[in-house]
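# Coordinate analysis (summary)
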Amino acid sequence: MQLLFCIITLSGGELCMRYYLCIDFKTFYASVECVERGLDPYKVNLVVADISRGNSTICLAVSPHMKELGVKNRCRLFEIPKHIHYIVAKPRMKLYMEYSANIYGLYLKYLSQEDIYVYSIDEAFLDVTEYLNFYHKNAQEIAQMIIDDVYRTTGIPATCGIGTNLYLAKVALDITAKHVKSHMAYLDEQIYQKTLWEHTPLTDFWQVGRGIAKRLYKLGIVNMKGIAHCPEDILYKEFGVNARFLIRHAWGKEPVTIQQIKNYQPQHRSISNGQVLFGEYRDQDALLVLKEMVEDNVLTLVEQGLVTNHISLHIRYVDASLPSTGGSRKISVVTNSYRLLVKEFIDLFESTTFKSQKIRKISIGFGQVIDERYEAYDLFTDYEEVLKERQLQQSIIQIKNKYGKNAVLKAMNVLDKATAKQRHQLIGGHNAE
């Protein structure tokens, strides 16, 4: 989601700068595991990883002390230097969500929920503009007050970026605060231009990925100053309407407020799901998993009273040199029938998948999702069968909601290569408990 710039006018006509905090908890999962063990995150070596998935599994987080030793988050276990001794903690997503909810409760001690936007499980934006006079503190002092309370209550250390708009708060967090002893940094447009215009690499900046950076490099641009001084017509030719966001951010400007984000209503909805498989799957084993994924997403449609007429499928292979396959297509009906939708997915899978190659990841999506009162069928569809299927699906949903997702399983769910039964016990693809 792209963000916009905001200032407020006081009754006397003066302009008042807004102040945003962007608070992030240092290697959150690892810090939680340290706290649960009575360990100091700044003194102990700990990684959060599911070692049962092998030595190549990705570490979801490493403790701050390990980061000081040069070990990076999202590394693989085998990449950690052999001389470093560390504790391996299995992910416990439910526990992390509980900590996150408790921290949000602490935010509510100081700010109204209208001034808080949760960006991720361990990161949030806070608009403290209206609280400066109330607390008789500046933005830095309010930030310190909040993160000190979080640390006293939960033991989780935090880093904070402070900015005069949401973008600057995020950049202050990502580029500056994480590299200073105080773990807190402030940016306004002037400081940003003075200190970060020539910062590299560009990928350190919020919403500048490797693809965008590569395209900028082709234009001879390697930093934000280069973007700011590049003729706009060149940027618009390369990036289209998205060039305006690059140009605004290059100057340190960002117009959107937290309230505007919360009020945003997307024109179109979609439902998607992806999973890295538990091993190397042949095409027919992967097709079994695909059917399970379609069923899970169909139940989401039915439960929310939605239908779709657009499907997408992406298959990634063990051989990384191969291109992903699949694609997207519009179908002739607008439905939430598993029987009809899975038929379309099977056809798309069979017609595009490299049959001789092992599969590593499957992603599916339903696009153009709308209210089920707009469902539509062709003359070849037996609508009575659709209604019977929906009644069965609604019964399954009620049972699953009451007794758990594995309360009702199909025969395909207990086959050797099926994954649904195990995935239903995960959160975000990781161990829940």
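Preceding block: the structure.
Not measured: the values here are computed from a predicted model.

## Overview of the side chain of Asn223
Tracing the backbone shows Asn223 in the loop between helix 8 (210-218) and helix 9 (224-229). Relative accessible area serves as the criterion here: at 15%, Asn223 is assigned to the buried category. With residues up to four places along the chain from it excluded, the contact list for Asn223 reads Trp197, Glu198, His199, Thr200 and Leu202.

## What about the pairing of strand 14 (residues 359-371)?
In this structure, strand 11 (residues 269-281) lies alongside strand 14, joined through 8 bridges in antiparallel fashion. Bridge pairing in strand 14 links Tyr281 to Ile359. When strand 12 (residues 306-317) meets strand 14, the two strands line up antiparallel, connected through 10 bridges. Within strand 14, the position partnered with Tyr317 by the bridge is Ile359.

## Regarding the layout of surface pockets
A volume near 710 Å³ is recorded for the second largest pocket. Looking at the second largest pocket, it is lined by 20 residues, and the ones nearest its centre are Asp24, Thr27, Lys67, Asn73 and Lys178. Mapped onto the lining of the second largest pocket, the elements with two or more residues apiece are strand 3 (20-25), helix 2 (64-68) and helix 6 (166-176). No other element matches helix 2, which puts 3 residues into the lining of the second largest pocket. Considering only residue class, the lining of the second largest pocket consists of 5 nonpolar, 5 polar and 10 charged.

## Comments concerning the packing of helix 13 (residues 283-304) against helix 14 (residues 338-352)
When two helices pack together, their arrangement is given by the angle between their axes and by how far apart the axes lie. Close contact between helix 13 and helix 14 brings their axes to 10 Å; oriented N to C, the two are set at 145°. Every pair of crossing elements has a handedness; the one defined by helix 13 and helix 14 is right-handed. Here Asp283, Gln284, Ala286, Leu287, Leu290, Lys291, Val294, Glu295, Val298 and Leu301 of helix 13 lie close against helix 14, whose contacting residues are Tyr338, Leu341, Val342, Phe345, Ile346, Phe349 and Glu350. The residue inventory of the contact of helix 13 with helix 14, partitioned by class, reads 12 nonpolar, 1 polar and 4 charged.

## Re the pattern of salt bridges
Taken as a whole and judged by the stated rule, the model has 20 salt bridges. A salt bridge links Asp149 to Lys109, with the nearest nitrogen and oxygen atoms 2.8 Å apart. On the criterion of sequence distance, the pair formed by Asp149 in helix 5 (residues 139-154) and Lys109 in the loop between helix 3 (93-107) and strand 7 (116-120) is long-range, its members being 40 residues apart. Taking relative accessible area as the criterion, Lys109 reaches 52% and is therefore assigned exposed. The salt bridge involving Glu385 is made with Lys388; its shortest N-O contact spans 4.0 Å. Here Glu385 and its partner Lys388 are both found in helix 15 (residues 383-403), 3 residues apart, which amounts to about one turn of the helix. Here the salt bridges do not stand alone but share partners, grouping Asp24, Glu123, Lys170, Asp174 and Lys178 into one network.

## Brief notes about unusual backbone geometry
With an omega of 0°, the peptide bond running from Thr200 to Pro201 counts as cis. Summarising the element assignment, Pro201 is placed in the loop between helix 7 (189-196) and helix 8. Within the chain, Thr27 stands out as a residue other than glycine whose phi angle is a positive 40°. With respect to the helices and strands, Thr27 occurs in the loop between strand 3 and helix 1 (28-36). Overall, the relative accessible area of 9% leaves Thr27 in the buried class. Non-glycine residue His136 carries a positive phi angle of around 55°. Along the chain, His136 turns up in the loop between helix 4 (132-135) and helix 5.

## Looking at the sheet that holds strand 5 (residues 61-62)
Here we have 3 strands laid out as an open sheet, ordered 5-4-6, and mixed in their pairing. Two strands close off the open sheet at either side, each with one partner strand: strand 5 and strand 6 (87-89). Packed on one face of the sheet, helix 1 meets strand 4 (46-48), strand 5 and strand 6 and runs near 120° to strand 4.

## Digging into the nonpolar core
If you look at the biggest cluster of nonpolar residues, it comprises 42 residues, and the most contacted ones within it are Leu21, Ile23, Phe25, Phe28, Tyr107, Leu126 and Ile146. At the level of elements, strand 3, helix 1, strand 4, helix 3, strand 8 (123-127), helix 4, helix 5 and strand 9 (158-163) are the ones that each hand at least two residues to this core. Val302, Ile311, Ile315 and Ile359 belong to the second-largest nonpolar core, a separate cluster that totals 38 residues.

## Side note on the packing of aromatic side chains
A full pass over the atoms with the stated rule returns 16 aromatic pairs. Ring geometry for Tyr29 versus Tyr96: centroids 4.5 Å apart, planes at 15°, classification stacked. Here Tyr29, found in helix 1, pairs with Tyr96, found in helix 3; they are 67 residues apart in sequence, far enough to count as distant. The exposure class of Tyr29 is buried, given its relative accessible area of 17%. By relative accessible area, Tyr96 is classed as buried at 0%. With a centroid separation of 5.5 Å and an interplanar angle of 50°, the aromatic rings of Tyr377 and Tyr383 are classed as tilted. When its relative accessible area of 21% is taken as the criterion, Tyr377 is described as partly exposed. Tyr383 gets classed as partly exposed once you look at its relative accessible area, which sits at 35%.

Calculation criteria
- Residues numbered from 1 in each chain as written.
- Predicted model: local features only at pLDDT ≥ 70, side-chain atom pairs only at ≥ 80, totals over all residues.
- Heavy atoms only, no water.
- Helix = DSSP H or I, 4+ residues; strand = E, 2+ residues; numbered from the N terminus.
- Buried < 20%, exposed > 50% of the residue type's maximum accessible area, 1.4 Å probe, protein only.
- Contact = heavy atoms within 4.5 Å.
- Pairing = 2+ DSSP bridges.
- 1 Å grid on protein atoms, 1.4 Å probe; cavity = no way out; pocket = protein on both sides within 12 Å on 5 of 7 lines; lining within 4 Å.
- Points joined across faces, edges and corners; volume = space filled by probe spheres on them.
- Nonpolar A, V, L, I, M, F, W, Y, C, P; charged D, E, K, R; others polar.
- Axes fitted to C-alpha atoms, helices over the stretch in contact; angles between N-to-C directions.
- Left-handed = near helix turned anticlockwise from the far one by under 90°.
- Salt bridge = Lys/Arg side-chain N within 4 Å of Asp/Glu carboxyl O.
- Core = buried A, V, L, I, M, F, W, Y, C linked by side-chain atoms within 4.5 Å.
- Phe/Tyr/Trp six-rings, centres within 6.5 Å; stacked < 30°, edge-to-face > 60°.

Purely spatial values, then, with no claim about function.
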